[in-house]
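What follows is the residue order along each chain.
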Amino acid sequence: MKAFYSALSSLLKRNKTIAMTTFWVTGTGSLLWFLVRVIPKPSRATYPCMRAAAPIMSGFVVYLLSLGGSVLAFRKVREKILLARYWSAFFFTVVAVLSAIVLFSRNEFIAQAANKAGSAMVENADGPAGIARGVHPGRVAWVLDNNVTNEDCSNSADDYWFMDKNTNQAVTGKMLGDGLKSLSGQENCVAAWDILFRNFNYTHKKGWVGYQAGEKIVIKLNLTSLGNGWGTLSEGMNSTPQLALAILQQLVDTVGIAQGDITIGDPYRGFSDDYWDKCHARYPNVHYIQGLGTDGREQTELTDEDVFFNSDDNFQSRLPKAYIEASYLINMPCMKSHGSAGITLAAKNHQGSVIGPDQDPDNQGMGEYLHYDYPDNPTNRKMGMYRHLVDFMAHKYLGENTLVYIVDAIWSGRDWFGAVEKWQMAPFNNDWTSSLFLSQDAVAIESVGFDFLFNEFENHSADHNDDVSPTWVGVQDYIHQAADPANWAPGIQYDPGNADHHTPVGSLGVHEHWNDATNMQYSRNLGNNQGIELVSVPANLVANSKIEVTGISVPSTLNISGETQIAAGITPANATNQGVLWESSNTALATVDQDGMVTPLGSGLVTITAMSADGNKRASTEVTLEMPSGLHQPVIEKCTVYPNPVTEYFVVTYTLSESAEIKTEILTIDGKRVACSNSINQPAGDNSYAMRTGDYNLADGMYICRVIARGANTHIYTTRMLIEREK
């Protein structure tokens, strides 16, 4: 392909007649095409075909204006000289000369304007924003292995990037395993997956449980250029086929997930033979989905009703049924710049999960619907406006159902079509990126990906066809808003799961920028207990001052008859993150707060577990509860919830016999605590406490509302409550 363009360029330079004819034909065609398509519907200006035609069209228009201006000006000069109006003649001579300059330098002018318009350095963040997520909060694991790619790959016919001679299957599998172990802090992949599943389920109020047989999982690939099922891979980058096979190997052979419980693909794009032959031969019972559903692939099935709603009310969508049925989603995007969004990573990968109201799986396209807030439009190059990518990250079936993000940077690309190019920044040094990035924090992985893309395209745009789109102001706006509601656009409440947006989300993860492109350190790398931590394989890519938690300890057994605080010991004593999370195995018998204070509610045996906030190290104590009559015997009384059934808000009322410290809890019917308020002090007499179901992501169903009042005596107020938010 490069040889073809080189020969064409040489021909046009040698033959001016052919060059001028080509210029007039393509210029006229582009102008007519732009007018016919865009004037009836201006939003089409954002389509890829329109963006391709725009530079040719604008250059042609400038040429016509300059040509017409210079001809008119020279005619005016001749006219004024004949009339002896020399000052007027001089003026029009200047106009004519300037028009001629524009005429003959039109290409350079247009190229420079395209490159420089809207470019800006990334702003300096005041510090980490948002709440870090994951087994190791805010961690992003980066694996670099140059052996996975062939440095001499020409990415041309018979030597494309995705071929096994250019992408090593064994090294790809090893990189994925190394990344999982680095992200989780475990020594083998079995333990790594187990703790990732347990952390996900724990943070989703399912308890400290691993993967359960029969649970379904969806893997979202990025297969942008494969059409709806007819395309095949060539020089343009999509998901790496070797990585698609590697993730199936991990899930089936390592975790033990049944093939029939796994769905993989890009719902409305193709799943070409490059992937099918590699994956289906080994895992024939996996569900391989695509837009067309031909040649053994399954056509994506959609929900009957819309379940995704843009928070600015400009778009709503059905979703693949496989997403709704899945207990977990794995998001596997590519790393690319993007001519509309600036960058494309995990958030934008879900542009291929939604669909227009007039579209089917075999003709989906989002250019018409979801390009209106992208920074390719200069008016959008600012911070603090609505960004639909936040809705992707916040939706309960998309970002909020994601077990792990795996950014495929084995090959990195330019623009949506993925022109595969070597990177110049260290440590790539004019080689392929040969990397994977993994995280459980949706915002942290976007932040790290942005820093890499910004640095490469800011400093080495000449090696990427002068693309500077990652440097546009506004590109990272969605990351800021996803991290912290304080950054939300005015008037926007991000809640894409409800048409009326009555349950806005909170922080979706943590955001900050690295200290510099040489050290690539974030706050946790520098020994702080907040922000992002970038860890690497090999370890010497990023210096890390963080001291890891290696263990936690509590007494093995305890006998208590009243409120008792349990102390947990963190090893080593100087570990960066000293935080501890507490859990009771039976909250009907005893509760435990986040200071380790155990409140017995009856007699019996209960397990109290302490878990390190960093690394999920766990230790448990068997507590025997012996409840004597007297001061510490809780008094069980009734409270009232209004309204009941509960929709969005509810108020619990009760009568205190004495002033007390109040804490309100919501329990499942089997006694698992799923919500807990902050403690407040209230006086004796009639009292109440208001709560909002959306603050705790409570699903519809029956619950127990419990108020614990600690004064001279402990009083427990309970009642049942039904949540019916969804209609």
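For the structure itself, consult the block above.
Here goes a summary of the coordinates provided. This structure is a prediction, so every number in the text was calculated from the model and none was measured. (Residues numbered from 1 in each chain as written. Predicted model: local features only at pLDDT ≥ 70, side-chain atom pairs only at ≥ 80, totals over all residues. Heavy atoms only, no water.)

Along its 16 residues, helix α6 (residues 169-184) runs 23 Å from first to last C-alpha, staying within 8% of the 22 Å computed at 1.5 Å per residue. Listing the buried residues of α6 in full gives Val171, Thr172, Met175, Leu176, Gly177, Asp178, Gly179, Leu180, Ser182, Leu183 and Ser184. Packing partners of the buried residues in α6 comprise β2 (139-144), α7 (189-203), α8 (241-255), β12 (402-414), β14 (435-439) and β16 (533-537). Its side-chain oxygen at 3.0 Å from the backbone nitrogen of Ala170, Asn168 defines the N-terminal cap of α6. Just beyond α6, the residue with positive phi is Gly185, at close to 80 degrees. (Helix = DSSP H or I, 4+ residues; strand = E, 2+ residues; numbered from the N terminus. Expected span 1.5 Å × (residues − 1). Buried < 20%, exposed > 50% of the residue type's maximum accessible area, 1.4 Å probe, protein only. Contact = heavy atoms within 4.5 Å. Polar contact = N/O pair within 3.5 Å; in protein donor to acceptor, adjacent residues only side chain to side chain.)

Taken as a whole and assessed by the stated rule, the structure comprises 22 salt bridges. Asp164 is paired through a salt bridge with Lys278; the nearest N and O atoms lie 3.0 Å apart. Here the residue Asp164 occupies a position in the loop between β2 and α6, and Lys278 occupies one in helix α9 (residues 273-279), the gap between them amounting to 114 residues. Judged by its relative accessible area of 51%, Asp164 falls in the exposed class. Arg414 serves as the salt-bridge partner of Glu421, at 2.7 Å between the closest nitrogen and oxygen. There is no split in this pair, since Glu421 and Arg414 are both buried. Bridged by salt links that share partners, the residues Arg139, Glu533, Lys546, Glu548 and Asp614 form one connected network. (Salt bridge = Lys/Arg side-chain N within 4 Å of Asp/Glu carboxyl O.)

As a further point, take α7. In this model, α7 (15 residues) spans 21 Å end to end at C-alpha, consistent with the 21 Å of a helix rising 1.5 Å per residue. If you check which residues of α7 are buried, you get Cys189, Ala192, Trp193, Ile195, Leu196, Phe197, Asn199, Phe200 and Asn201. Where α7 is buried, its residues touch α6, β3 (217-220), α8, β9 (328-331) and β12. Residue Asn188 occupies the N-cap position of α7, its side-chain oxygen lying 3.2 Å from the main-chain nitrogen of Val190. A positive phi of about 65 degrees marks Lys205, the residue just after α7.

Right, let's get into the packing of α6 against α8. Packing of α6 against α8 brings their axes to within 9 Å, and their N-to-C directions diverge by 55 degrees. It follows that α6 is oblique to α8 by the angle criterion. In this structure, α6 meets α8 at a crossing whose hand is right-handed. Taking contact as the criterion, the partners of Gln169, Thr172, Gly173, Leu176, Gly177 and Leu180 in α6 are, on α8, Gln242, Leu243, Leu245, Ala246, Ile247, Gln249 and Gln250. In terms of residue class, the contact of α6 with α8 is built from 6 nonpolar, 7 polar and no charged. (Axes fitted to C-alpha atoms, helices over the stretch in contact; angles between N-to-C directions. Parallel < 35°, antiparallel > 145°, perpendicular 65-115°, else oblique. Left-handed = near helix turned anticlockwise from the far one by under 90°. Nonpolar A, V, L, I, M, F, W, Y, C, P; charged D, E, K, R; others polar.)

Any link to function would need more than the numbers given here.
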